[in-house]
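Architecture at a glance
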Amino acid sequence: MITRDEFKTIAGNGIWKQNTSIAQILGLCPLLAVTTNAVNGIMLSLATILVMALSNVAVAALRNLIPHEIRIPVFILIVAALVTVVDLLFNANLHELYLVLGIFIPLIVTNCIVLARVEAFAAKNPPLQSTLDGIFMGVGMLWTLALLGGMRELLGSGTLFGGIDMVFPNLQPIQLLPESYPGFLLALLPPGAFILLGCMIAWKNWMDARAAARAQTKPPAPVATAGCH
Amino acid sequence: MFAPAPFLLKDASVSRVMTQVCLALVPGIAAYAWLVGPAILVQLVIASLAALLAEAAMLRVQGKPLGMFLADGSAVVTAWLIALTFPPLAPWWLVVTGTVFAIVIAKQLYGGLGQNPFNPAMVAFAVCIVAFPALMSQWPSVGLQLSLADQINVILGLAPRVDALAGATPLDAMKTALKLADGSVSVTQLLANQDIYGNFAGRGWEWVAAGYLLGGLWMWQRKLITWHVPTAFIGALVVVAGGLWLYNPAQFANPLFHLLSGGSMLGAFFIATDPVSGCTTPRGKLIFGAGAGLLAYIIRVFGGYPDGVAFAVLLMNLCAPVIDLLTQPPIFGMKDKA
């Protein structure tokens, strides 16, 4: 079973302390490519949460049976099987969104966040904790991608939740800025994603430094800037 | 200038240098205002105000002394360079967006004066031409006579943006015409069109370039800049433009056209010579200037953008630290590469 403290640690790590996007800076490739609006970011994150939760529980359950030497190929096979399921689910039920997200759903297989959590957490912990870790790491990714996507969308085209009609056909995007807003195209292009992500990382470091100063302890070391892809 | 030892004591504060840079821009600005009307002066004011406000806001947030940094004039020089590189009748918010981006993101977020790895004015240009390519390519046609009130109305968005405001620069017009004709039109035939082109380059624009050259030479005479960067920039531009011109004079404009078109002169004397984002060693400055001139030619002739100076300078800004590292002069009394 799981203690209250364990749950808190797992949730805190996933959502803030080891946030995949603004602390570990992993999975930059889908982050840059799909966060042109909040809906795309949220839907890709939901797909990733599903894959992470299922792959973590599968690996945690099988962790004592998988030979150590060939664990990575086995992990990848498990993740790939689950991604295929998610890919087919999206294709069948959210076909329009599937076309927008395109290659980035199959590419969840190679997303370093998934493999990193399987290798670093699920291979060493029981299934319940591993499931929670997968879910909360995904939730951390979800809110950062939603925020980044929302900011890019708002700056780039003045709308919020564009493309929501692909998920809920009876909802419409919100036009927040006047129709005459010329649109800051840069925000929708990769440089805009890099600049805004940089601002978010700076914001997280600033919040951490402030919290640390309040607690009268040493501030945490600045996050590494090297991502994986 | 900022350079390695030996240092000589000189009466040069930042604000003094920046004031002289602004003075050196005056001949170019005068020619510009004569060419397109007083709109450019309005843009200079708008950009300066935006730059000072953005700078003041950022300094306040960081808790730095306002007066000292605002009075140093560096924000005004950035603002002027932005106003001079943007289309003169661009809407006010375009100039303000570019200026605020330059000051807030390209300058202050990197640590303020002296810390920015990229030339802020060129960051503003790159950002705006990527974000608003249509508006950044609309230049008023030469000879367009608009009263000051009309020009201000266009800038403030109170008057419609008519077709006469949406021309291309002579440099851009040349490239587009050559590309569309696909070899059936020669440069000489195009240059004969006296509506767009004068004796050497764009009609009227050649005098703006001459104004910048005059101001640049004065800065060199006052020792605000050294000869390295402008000479290397112009030299590289002349060599590559001249080479291609000799190879095929029908399809490549002559070097003089390229020197007096677009941002060549402004770039060679005022932008590539930025002491903060450029190189500091003498050999490094030569490499920096030559690289910027070469890249500017390649981007403006073979690329999709109207001019290449901004991207060329930004790309060379990226290389400046490495160039400086590799071109350290030998220590006095030691052998080279000791």
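Everything numeric in this text was worked out from a predicted model, so none of it was measured.

1. Regarding the UniProt feature "transmembrane region" (unreviewed entry) in chain B
Residues and elements named next belong to chain B. Residues annotated in UniProt with the feature "transmembrane region" (unreviewed entry) correspond here to residues 31-54, 66-86, 92-110, 122-139, 227-246, 252-272, 284-303 and 309-327. Here residues 122-139 runs as 78% helix and 0% strand, with 18 Å between its end C-alpha atoms. The span residues 309-327 shows a helical share of 95% and a strand share of 0%, and its end C-alpha atoms are spaced 24 Å apart.

2. Quick word on the confidence of the model for chain A
Taken residue by residue, chain A gives an average pLDDT of 87. The fraction at 70 or more is 94%. In the model of chain A, strand β2 (residues 174-175) of chain A stands out as the element of lowest mean pLDDT, 84, in contrast to helix α4 (residues 71-93) of chain A, which has the highest, 93.

3. Some thoughts on the interface of chain B and chain A
Across the boundary between the two partners, chain B contributes 5 residues, which contact 6 residues of chain A. Sorting elements by how many residues they give to the side of chain B that touches chain A places helix α6 (residues 120-131) of chain B first, with 3 residues. Among the residues making up the side of chain B that touches chain A, the classes are represented as 5 nonpolar, no polar and no charged.

4. Regarding the environment of A:Thr35
Residues and elements named next belong to chain A. Relative to the helices and strands, Thr-35 is located in the loop between α2 (28-34) and α3 (38-62). Thr-35 sits in the buried class, given 29 other C-beta atoms within 10 Å. Each C-alpha atom, one on Thr-35 and one on Leu-54, is 24 Å from the other, the two residues being 19 residues apart in sequence. The residues touching Thr-35, leaving out its near neighbours within four places in the chain, are Asn-40, Gly-41, Leu-145, Leu-148, Gly-149, Arg-152 and Ala-193.

5. What about the UniProt feature "modified residue: FMN phosphoryl threonine" (unreviewed entry) in chain B?
All names here are of chain B. UniProt marks Thr-169 with the feature "modified residue: FMN phosphoryl threonine" (unreviewed entry), using the numbering shown here. Structurally, Thr-169 can be placed in the loop between α8 (148-156) and α9 (170-181). The contacts of Thr-169, once residues within four sequence positions are left out, are Trp-139, Gly-202, Gly-262 and Pro-306.

6. What to know about the domain arrangement of chain B
All names here are of chain B. Domain boundaries assigned for chain B yield domain 1 (37-167) and domain 2 (170-331). Between domain 1 and domain 2, the residue contacts involve 16 residues of the former and 17 residues of the latter. Among the secondary structure elements, those contributing two or more residues to the side of domain 1 that touches domain 2 are α4 (74-85) and α6. In terms of residue count, the dominant contributor to the side of domain 1 that touches domain 2 is α6 (6 residues). Taken together, the residues of the side of domain 1 that touches domain 2 break down into 11 nonpolar, 5 polar and no charged.

Rules behind the numbers
Residues numbered from 1 in each chain as written. Chains lettered and ligands numbered in written order. Predicted model: local features only at pLDDT ≥ 70, side-chain atom pairs only at ≥ 80, totals over all residues. UniProt positions renumbered as here; feature names shortened; annotations may be inferred. Helix = DSSP H or I, 4+ residues; strand = E, 2+ residues; numbered from the N terminus. pLDDT = per-residue confidence, 0-100. Contact = placed C-beta atoms within 7 Å. Nonpolar A, V, L, I, M, F, W, Y, C, P; charged D, E, K, R; others polar. Buried ≥ 20, exposed ≤ 12 C-beta atoms within 10 Å, placed from the backbone. Domains from an automatic or database assignment.

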